[in-house]
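A look at the structure
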Amino acid sequence: MYRVTISRIAFPTLAILGVLLLFTGGRRVYADGIPVIEITAKRFAFSPDKLTLKKGQTVKLRIHSEDVTHGFFLRPLKLDEEIPAGQTTEVVVTPQTAGTFMPICDHFCGANHGNMNMTIVVE
Amino acid sequence: MNQNDRRSFLKIAGSSLGIGVLYSAFPAASSAGEVGSLFSALGKSSGERVTPFSFVQLSDAHVGFNGPPDPLGTKAFERAVDMINALPQRPDLVLFTGDLTHDTEDRQVHVQRMKQFQEISKKINAPMIKCVPGEHDAGLDNGALYREFFGESYYSFDHRGVHFVALDNVSRAKPEVGTEQLAWLKKDLARFPKTAPIVVFTHRPLFDLRPDWEWFTSDGDDVMNVLSPYDNVTVLYGHIHRDDEHATGAVHHYAARSLIFAFPDPNGVAGPRKPLLFDKDHPFKNLGIRRVAFNGKPQPGATSLSIEDVELTAREFRGINGVQQLLRSPQV
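All of these numbers come straight from a predicted model, not from anything done at the bench.

Observations concerning the overall build of chain B
Per the secondary structure count, chain B includes eight helices and 13 strands. Taking all 332 residues of chain B together, the buried fraction comes to 48%. Expressed as a percentage of contacts within chain B between residues at least 6 apart in sequence, the contacts between residues at least 24 apart total 72%.

Below is the structure:
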């Protein structure tokens with residue numbers, strides 16, 4: 001009975017949260033009003049692997065490494081961050097150019113390092 | 001002495017090699033007159049008089065790699081060794097521009113790969129082999145194992161009046177040279193006149209070739225600022241698994257093809273980089289020949305080159321296509 005009750009409450013709630021996260025790209029708003037986007041780095045992928053940002057809107061990226069040291073490099077947005085193993089790095093960015101960009105891990109992290117990237121779309 | 005005389009001091013020419021690049025360095029004019037005086041002056045600076053010679057660049061053997069882009073392992077590397085040894089003129093030295101081995105987190109396996117690289121490369125009939133690391137050699141341990149096998153990852157030496165500089169842009173795990181190495185480079189070059197012939201060899205490109213494919217060095221501009229006062233600088237690199245030419249002011253950059261698999265032309269691909277597919281009927285496709293020849297006419301810039309890229313295909317084997325041809329003795 002207990003399990004059923006939890007399931008009845010939890011699953012719809014998680015589903016709603018999941019839909020919200022899907023549409024917001026995993027972001028939430030801090031008290032200072034800057035949207036914060038959580039990104040996880042783990043060999044050999046970023047999660048989420050695609051973000052959509054708005055041109056001219058400032059956001060804070062919180063990038064967390066779940067294993068080894070990673071990089072987060074994107075020349076057009078002047079991003080060149082280091083995410084030490086198990087730690088979180090924050091960077092504030094205001095994209096000024098619309099387009100599709102591909103940040104990469106530029107800290108060599110293993111055999112498939114060359115394929116560790118994600119997509120940022122600036123609208 | 002006019003500017004062209006100075007700039008044409010180091011000429012690079014080549015001949016058929018098969019895989020890799022063969023360069024010849026020789027004075028652009030006779031040793032008489034003003035140019036001859038320049039040779040003497042440079043000889044005093046570098047400790048040696050400039051005389052003709054040739055050398056070979058090889059790159060990206062990735063010993064230990066075995067996967068769909070190239071299931072043949074070290075075959076192309078071994079083939080390159082055979083072809084170098086069959087050259088009519090023995091090269092004075094071989095420069096290997098990184099990714100000698102493929103990375104692994106198992107140290108003992110990486111040790112075996114480095115040993116295998118040494119076993120193959122020591123068959124090259126050349127008195128000197130010089131290497132720099134690639135990120136697959138040095139990225140996971142900051143170059144510790146590489147240095148155990150090959151010594152310092154950045155250094156310089158003089159050969160027949162040409163100053164060679166090995167730069168390491170991989171051992172800090174990120175694509176960078178770093179302030180310590182930059183300071184060393186400035187000090188290393190300080191004794192040379194601006195006309196000195198300088199060959200820099202490194203793994204990654206020192207300019208933004210394709211940053212989202214990690215084809216760049218983040219402090220490459222700082223390196224170029226150190227190099228830019230010199231009239232005769234050639235940069236040889238690997239990493240991109242394809243040939244490429246680029247000029248930064250008077251500095252000329254040349255990438256060598258790999259000895260494992262090729263990447264496509266970055267100008268034709270919008271997304272992530274993917275290796276070109278292995279072609280079993282043409283197993284050395286895109287790993288082939290670069291013919292480099294001096295065109296004989298002094299031109300502005302550091303070097304004056306005529307380059308012809310030729311795929312290493314069945315032409316080398318006279319009518320027998322496919323992987324089976326690799327089982328035959330090389331016909332060079």
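Details of the interface of chain B and chain A
The interface is formed by 13 residues belonging to chain B together with 13 residues belonging to chain A. By residue class, the composition of the side of chain B that touches chain A is five nonpolar, two polar and six charged.

Digging into the sheet that holds strand β11 (residues 251-255) of chain B
Residue and element names in this part refer to chain B. Strand order across the open sheet formed by six strands is β6-β7-β8-β9-β11-β10, with mixed pairing between neighbours. Looking at which strands have only one partner, the edges of the open sheet turn out to be β6 (155-159) and β10 (244-248). Each adjacent strand pair in this sheet contributes to an overall mean axis angle of 20°, direction not counted. Pairing analysis gives five bridges linking β6 to strand β7 (residues 162-166), with the strands arranged antiparallel. Looking at β7, one finds that Phe-157 is bridged to Phe-164.

Focus: the sheet that holds strand β10 (residues 119-122) of chain A
Residue and element names in this part refer to chain A. Reading across the sheet, the three strands line up as β4-β10-β9 and stay open at both edges, with mixed pairing between neighbours. Of all the strands in the sheet, just β4 (50-53) and β9 (99-101) have a single pairing partner and so form its edges. On average, adjacent strands in this sheet sit at an angle of 15° to one another, irrespective of strand direction. As paired elements, β9 and β10 share three bridges and run antiparallel to each other. When the sheet's bridge partners are listed, Gly-99 is paired in β10 with Val-122.

A look at unusual backbone geometry
In this structure, Phe44(A) follows Arg43(A) across a cis peptide bond, with omega equal to 5°. Here Phe44(A) lies in the loop between β2 (35-42) and β3 (45-47). Each neighbour pair has its own omega, and for Ser47(A) with Pro48(A) the value is 0°, a cis peptide bond. Here Pro48(A) shows up in the loop between β3 and β4. Even without a glycine there, the phi angle at Lys78(A) is positive, about 55°. With respect to the helices and strands, Lys78(A) occurs in the loop between β6 (70-74) and β7 (79-83). On the neighbour-count criterion, Lys78(A) (10 C-beta atoms within 10 Å) is exposed. Even without being glycine, His241(B) reaches a positive phi, approximately 55°. Here His241(B) shows up in the loop between β9 (232-237) and β10.

Quick look at helix α4 (residues 107-121) of chain B
Residues and elements named next belong to chain B. With 15 residues, α4 extends 21 Å between its outermost C-alpha atoms, agreeing within 8% with the 21 Å of an ideal straight helix rising 1.5 Å per residue. Among the residues of α4, those classed as buried are His-110, Arg-113, Met-114, Phe-117 and Ser-121. Looking down the long axis of α4, one finds its buried residues gathered within 95° of arc, a one-sided arrangement. Across α4 from its buried face, at more than 90 degrees, point the exposed residues Gln-108 and Glu-119. Turning to α4, the residues buried within the fold contact β5 (128-132) and α6 (144-150).

A closer look at the pairing of β5(B)
Residue and element names in this part refer to chain B. As paired strands, strand β4 (residues 93-97) and β5 are joined by five bridges and run parallel to one another. Counterpart to Phe-96 in the pairing with β5 is Cys-131. Each parallel crossover has a hand, and for β4 linked through α4 to β5 it is right-handed.

Quick notes on the packing of helix α7 (residues 179-189) of chain B against helix α8 (residues 220-227) of chain B
All names here are of chain B. At a minimum axis separation of 10 Å, α7 and α8 run at an interaxial angle of 10°. Viewed along their axes, α7 and α8 adopt a mutual orientation that is roughly parallel. Between α7 and α8, the contacting residues are Leu-182, Leu-185, Lys-186 and Leu-189 on the first element and Asp-222, Val-223 and Val-226 on the second. Its residues placed into classes, the contact of α7 with α8 shows five nonpolar, no polar and two charged.

A few points about the confidence of the model for chain A
All names here are of chain A. Here chain A averages 83 in pLDDT, while 75% of its residues score no lower than 70. Mean pLDDT values over the elements of chain A span from 43, in helix α1 (residues 2-24), up to 98, in β6. Contacts of residues 1-24 to residues separated by more than four positions or lying in other chains number one contact, the stretch itself having pLDDT below 50.

Quick notes on the pairing of β2(A)
Residue and element names in this part refer to chain A. As paired elements, β2 and strand β5 (residues 59-65) share six bridges and run parallel to each other. Within β5, the position partnered with Glu-38 by the bridge is Arg-62. Pairing of β2 with β3, which is carried by three bridges, proceeds in the antiparallel orientation. Opposite Lys-42, over in β3, you have Ala-45 as the bridge partner. Two successive antiparallel strands, β2 and β3, enclose a turn made up of two residues.

Topic: the environment of Phe263(B)
All names here are of chain B. By the element assignment, Phe-263 lies in the loop between β11 and β12 (289-293). Since 22 C-beta atoms lie within 10 Å of it, Phe-263 is described here as buried. For the pair formed by Phe-263 and Thr-104, sequence separation is 159 residues and the distance between their alpha carbons is 21 Å. Leaving out residues up to four positions away in the same chain, Phe-263 has contacts with Ile-240, His-241, Arg-242, Arg-273, Pro-275 and Leu-276.

Digging into α8(B)
All names here are of chain B. Listed as buried for α8 are Gly-220, Val-223 and Leu-227. Within α8, the buried residues cover an arc of 60° as seen down the axis, which keeps them to one side. Those residues of α8 that are buried lie in contact with α7, β8 (197-201), β9 and β11.

Cut-offs applied
Residues numbered from 1 in each chain as written. Chains lettered and ligands numbered in written order. Predicted model: local features only at pLDDT ≥ 70, side-chain atom pairs only at ≥ 80, totals over all residues. Helix = DSSP H or I, 4+ residues; strand = E, 2+ residues; numbered from the N terminus. Buried ≥ 20, exposed ≤ 12 C-beta atoms within 10 Å, placed from the backbone. Contact = placed C-beta atoms within 7 Å. Nonpolar A, V, L, I, M, F, W, Y, C, P; charged D, E, K, R; others polar. Pairing = 2+ DSSP bridges. Axes fitted to C-alpha atoms, helices over the stretch in contact; angles between N-to-C directions. Expected span 1.5 Å × (residues − 1). Arc of directions from axis to C-beta. Right-handed = clockwise from strand over helix to strand, strands pointing away. Parallel < 35°, antiparallel > 145°, perpendicular 65-115°, else oblique. pLDDT = per-residue confidence, 0-100.

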